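The residues making up each chain are set out below.
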Amino acid sequence: MSNALPSSSIVAIVGSGAMGSGIAQVAAASGHPVKLYDTRPEAVEKAIAGIRKTFGMLAEKGRMSAEAAEAAGQRLAPAASLAELADASLVVEAIVENLDIKRGLFAELEGIVGDDCILATNTSSISITALAAKLRLPGRFVGMHFFNPVPLMALVEVISGLATDAAVAEAIHATASAWGKSPVYARSTPGFIVNRVARPYYAEALRLLNEQAGEPATIDAILREAGGFRMGPFELMDLIGHDVNFAVTQSVFQAYFNDPRFTPSLVQQELVNGGYLGRKSGRGFYRYGEGVVPPAPQTEEAFDKPQQVTITGSGFVAEAIASRAAAAGVAVSRAHASQEDDALLECGGAVLYLTDGRSATQRAADNGIANTVLLDLALDFSKATRAALCPADQCAPQAYQAVAGLLQACGFKVSRLGDVPGMAVMRTVAMLANEAADAVNQGVCDANAADTAMLKGVNYPRGPLAWADAIGLHYLMRVLGNLGTSYGEDRYRISPLIQRKVWNGGRFHDDA
């Protein structure tokens, strides 16, 4: 059963909502006869008509031939009852997220389909082991978690419970690949890969807001324009819906026995309590509706361009700034850092450092350099359009303005964050990498699967573990350690796998 299901195999979908319809579309487009069942026959008819219309539109746009579109549409058939799914080789369930309702469905299906039929669930949160526990043949049960919208999103999490036969998981993995998807193996644990590893993207932003580091529009802009994320965390939560996002966070938190790493946010709870659910209610972190002007991110006024800068660092950050400064006509000189060997540059009496998880004020006190300014992480400092800065409380205004003016001359829009440990992009990426490392360490998935899941499932600009390699695992551990010291919380504990790789000189990806 290690090969993909042949295209002649009948695929049955139970549930004709957005997810079920999307799965049906992908299966039909891949050549399978598809039977679609729902307790509401009119919903099935509507779904099939919608899928056929989509195939026609794809043909009009030249993305498939008219003949292929017609054939794919004809492979879709409604099922009036579960009994009509008896000849299916694969049944994928995409109904309400309720353990008892799903269990009841699969118990009924087991009495209908053949013993060689694979039973799969598209659940995003329910234990695969729990769903399979009462089945006569639990070995043929597997998670097949697609992402919305199914036709466009490449990721499929192939999730094994305690009883899932390896050959069944391999067959579903191969089948998803044959359907043009990017499948990854995962073990059944709360949140699987994506919904677990993604928690810090929301959680750290919510903490930044709670600590008054910046307004949502500013933090979103920094994560997009410096971090390279497609959407900022606040606009993404508004899109998902705060009721949904908060519920997932609560579910993961409770499933991990109240691990502080997954603690829900009081800020988001207030939004839910107030009915500010995001786009669907017209208001979340932002307001929506006709004529509403979105708030602008905080962007510093233009400061004078300094005449010269002394580059004291030798890493990729310092080199990118040196190159952009030289291109902007700033005189660039080189020297070794006078106090710490990881200072990036000196300009106008200020010393600029990449954040390492300490606040700017603490770092100034530790270094004995009052004019300390911190720079947040960026995906690519040679291309980023925004940079986030934070001066120490001790820093003279003119010293900070010299650094800000330098970065503005380099082509960055500059946003000033409040003095919180780790700033925005760095602490977010560090925690994403930490969570991904823990998932690998606990056998949920391997490093490649963790990165693929976040790239393909939520469109991150770089896999968290590849990003950790790029930052340097020693530096990443330093950031996490300083965050833990600053907050005194177990939330920022360092994954044992990151520590081991630091101590043995390893990386998550040898070719990173």
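Look up: the structure comes first, before these words.
Here is a short report on the structure shown in this document. On a predicted model such as this, the values are computed, not experimentally measured, just so you know. Every residue gets a number counted from 1 within its own chain, in the order that chain's sequence is written. Where local features are concerned, this predicted model is filtered to residues with pLDDT of at least 70; where side-chain atom pairs are given and counted, the filter is 80 or more; whole-chain, interface and lining totals use all residues. Remark: hydrogens and water are excluded; side-chain values derive from all non-hydrogen atoms of the structure.

## A closer look at the overall build of the protein
Right, on to step 1. Secondary structure is summarised from DSSP: a helix means a run of H or I of at least four residues, a strand means a run of E of at least two, and numbering begins at the N terminus for each. The helix and strand tally for the protein stands at 20 helices and 15 strands.
Right, on to step 2. What the globule rule says is 2.2 Å times the number of residues to the power 0.38, and the radius of gyration is computed from C-alpha atoms. For 512 residues, the compact-globule formula gives about 24 Å, and the C-alpha radius of gyration of the protein, at 26 Å, lands near that figure.
Right, on to step 3. With the C-alpha coordinates aligned to their principal axes, the bounding extent of the protein is approximately 80 × 50 × 45 Å.
Right, on to step 4. Under the scheme applied here, a residue whose accessible area is under 20% of the maximum for its type counts as buried, over 50% as exposed, and between as partly exposed, the area being computed with a 1.4 Å probe on protein chains only. Per-residue burial over the protein gives 54% buried out of 512 residues.
Right, on to step 5. Relative to all contacts within the protein whose residues are 6 or more apart in sequence, the contacts with residues 24 or more apart total 69%.
Right, on to step 6. A total accessible area of about 20700 Å² is found for the protein, and carbon and sulfur atoms account for 51% of it. Contact between two residues is taken to exist if any of their heavy atoms lie within 4.5 Å; hydrogens are not considered. Where accessible areas are quoted, they stem from the Shrake-Rupley method and a 1.4 Å probe; at the residue level, only the protein chains shown are allowed to cover.

## Thoughts on the sheet that holds strand β2 (residues 34-37)
Right, on to step 1. Only strands that DSSP links by at least two bridges are regarded as paired with each other. Across the sheet, eight strands lie side by side as β3-β2-β1-β4-β5-β6-β7-β8; this open sheet has mixed pairing. With one partner strand each, in any of the chains shown, β3 (76-78) and β8 (182-187) form the two edges of the open sheet. Neighbour-to-neighbour, the strand axes of this sheet turn through a mean angle of 25 degrees, independent of strand direction.
Right, on to step 2. The sheet contact formed by β2 and β3 spans three bridges and is parallel. To obtain each axis, a line is fitted to C-alpha atoms, and for helices this fit is confined to the stretch in contact; angles are then taken between N-to-C directions over 0 to 180 degrees.

## Let's talk about the nonpolar core
Right, on to step 1. Buried residues of nine kinds, namely Ala, Val, Leu, Ile, Met, Phe, Trp, Tyr and Cys, make up a nonpolar core once their side-chain atoms join them within 4.5 Å. Judged by nonpolar contacts, the single largest core of 136 residues is most densely connected at Leu375 and Leu389.
Right, on to step 2. Examining the composition of this core, we find that 11 residues originate from one element, helix α16 (residues 425-441), more than from any other.
Right, on to step 3. In terms of nonpolar packing, the next biggest core, distinct from the first, is built from 37 residues, Met19, Phe55, Val158 and Ala171 among them.

## What to know about the pattern of salt bridges
Right, on to step 1. Salt bridges are identified by distance alone: a Lys or Arg side-chain nitrogen within 4 Å of an Asp or Glu carboxyl oxygen. Enumeration according to the criterion identifies 25 salt bridges in this entry.
Right, on to step 2. Between aspartate 87 and lysine 35 there is a salt bridge, with the nearest N and O atoms lying 2.8 Å from each other. Taken together, the residues aspartate 87 in the loop between β3 and β4 (90-93) and lysine 35 in strand β2 connect sequence positions 52 residues apart.
Right, on to step 3. Under the relative-accessibility criterion, aspartate 87 is labelled partly exposed at 43%.

## Focus on the side chain of threonine 175
Right, on to step 1. Assignment of secondary structure puts threonine 175 in helix α6 (residues 166-178).
Right, on to step 2. With near-sequence residues (within four places) excluded, threonine 175 lies in contact with Ala4 and Leu5.

## Examining the environment of isoleucine 112
Right, on to step 1. Among the secondary structure elements, isoleucine 112 is positioned in the loop between α4 (99-110) and β5 (118-121).
Right, on to step 2. Overall, isoleucine 112 belongs to the partly exposed group, its relative accessible area being 23%.
Right, on to step 3. With near-sequence residues (within four places) excluded, isoleucine 112 lies in contact with Leu82, Ala83, Leu85 and Ala86.

## Details of the sheet that holds strand β10 (residues 331-334)
Right, on to step 1. With mixed pairing, seven strands are arranged side by side in an open sheet as β10-β9-β11-β12-β13-β14-β15. Among the strands making up the open sheet, the edge pair consists of β10 and β15 (413-416). Here the average twist between neighbouring strands, direction ignored, is 30 degrees.
Right, on to step 2. Two strands pair when backbone bridges link them, and strand β12 (residues 350-354) and strand β13 (residues 372-375) are joined in this way by four bridges, in the parallel orientation. Each residue of the ladder has a partner; that of leucine 354, found in β13, is leucine 375.
Right, on to step 3. Along the sheet, helix α14 (residues 360-367) makes contact with β12, β13 and β14 (386-391), crossing β13 at roughly 130 degrees.

## Description of unusual backbone geometry
Right, on to step 1. In the segment running from asparagine 148 into proline 149, the intervening peptide bond is cis, with an omega of 0 degrees.
Right, on to step 2. Inspection of the secondary structure puts proline 149 in the loop between β6 (141-146) and β7 (155-160).
Right, on to step 3. Positive phi is not limited to glycine here, since phenylalanine 192 has a value of about 50 degrees.
Right, on to step 4. As for its position among the elements, phenylalanine 192 is in the loop between β8 and α7 (194-197).
Right, on to step 5. In this model, asparagine 459 sits at a positive phi of 60 degrees, which is unusual for a non-glycine residue.
Right, on to step 6. Locating asparagine 459 in the fold gives a position in the loop between α17 (447-457) and α18 (464-471).

## Quick word on the state of the cysteines
Right, on to step 1. In plain terms, two cysteine sulfur atoms within 2.5 Å form what is called a disulfide here. Throughout the structure, instances matching the rule amount to zero disulfides.
Right, on to step 2. With no disulfide partner, cysteine 410 has as its closest neighbouring cysteine sulfur the one in cysteine 347, 9.1 Å distant.

## Overview of the pairing of β7
Across a regular strand the side chains alternate sides, sitting on one face of the sheet and then on the other.
Right, on to step 1. The element β7 is extensively covered by neighbouring structure, given that five of its six residues are classed as buried.
Right, on to step 2. Pairing geometry for β6 and β7, over four bridges, is antiparallel. Residue pairing across strands places methionine 144 opposite valine 158, the latter belonging to β7.
Right, on to step 3. Here β7 runs beside β8; their pairing, made up of six bridges, is parallel. Bridge pairing links serine 160 to arginine 187 in β8.
Right, on to step 4. A clockwise path from the first strand over the helix to the second, with the strands pointing away from the viewer, defines a right-handed crossover. In the classification by handedness, the crossover that spans β7, the intervening α6 and the parallel β8 is right-handed.

## Quick look at the packing of helix α2 (residues 41-60) against helix α3 (residues 66-74)
Right, on to step 1. Two elements in contact, α2 and α3, have axes whose closest approach is 9 Å; the angle formed by their N-to-C orientations is 170 degrees. When the axis of α2 is compared with that of α3, the two are roughly antiparallel. The residues of α3 that touch α2, namely those facing Arg52, Phe55, Gly56 and Ala59, are Ala66, Ala69, Ala72, Gly73 and Gln74.
Right, on to step 2. Gly falls in the polar group here, along with every residue not listed as nonpolar (Ala, Val, Leu, Ile, Met, Phe, Trp, Tyr, Cys, Pro) or charged (Asp, Glu, Lys, Arg). Of the residues in the contact of α2 with α3, the class split is five nonpolar, three polar and one charged. Every angle not falling under 35 degrees, over 145, or within 65 to 115 is termed oblique; those three ranges are roughly parallel, roughly antiparallel and roughly perpendicular.

## Focus on the side chain of threonine 310
Right, on to step 1. One can find threonine 310 in strand β9 (residues 308-311).
Right, on to step 2. Identification of polar contacts relies on pairs of N or O atoms within 3.5 Å, with a donor-acceptor requirement for protein atoms, meaning one able to donate a hydrogen and the other able to accept it, and with residues adjacent in sequence counted only if both atoms are side-chain atoms. There is a polar contact of 3.1 Å between the side chain of threonine 310 and the side chain of serine 333.
Right, on to step 3. For threonine 310, the contacting residues outside a window of four places in its chain are Ser333, Arg334, Ala335, Leu344, Leu345 and Glu346.

## Quick notes on the pairing of β10
Right, on to step 1. One ladder, built from four bridges, connects β9 with β10; its direction is parallel. Pairing of isoleucine 311 across the sheet is with arginine 334, part of β10.
Right, on to step 2. Note that the unit made of β9, helix α13 (residues 316-327) and β10 has a crossover that is right-handed.

## Things to note about α13
Right, on to step 1. Given the number of residues in a helix, its expected span is that number minus one, multiplied by 1.5 Å. Here α13 contains 12 residues, and its C-alpha end-to-end distance of 17 Å stays within 8% of the 16 Å for a straight helix at 1.5 Å per residue.
Right, on to step 2. For α13, the full list of buried residues reads Val317, Ala318, Ala320, Ile321, Ala322, Arg324 and Ala325.
Right, on to step 3. Summarising the contacts, the buried residues of α13 are in contact with β9, β10, β11 (343-347), β12, β13 and α15 (397-409).
Right, on to step 4. In the segment just after α13, glycine 329 is the residue with positive phi, at about 85 degrees.

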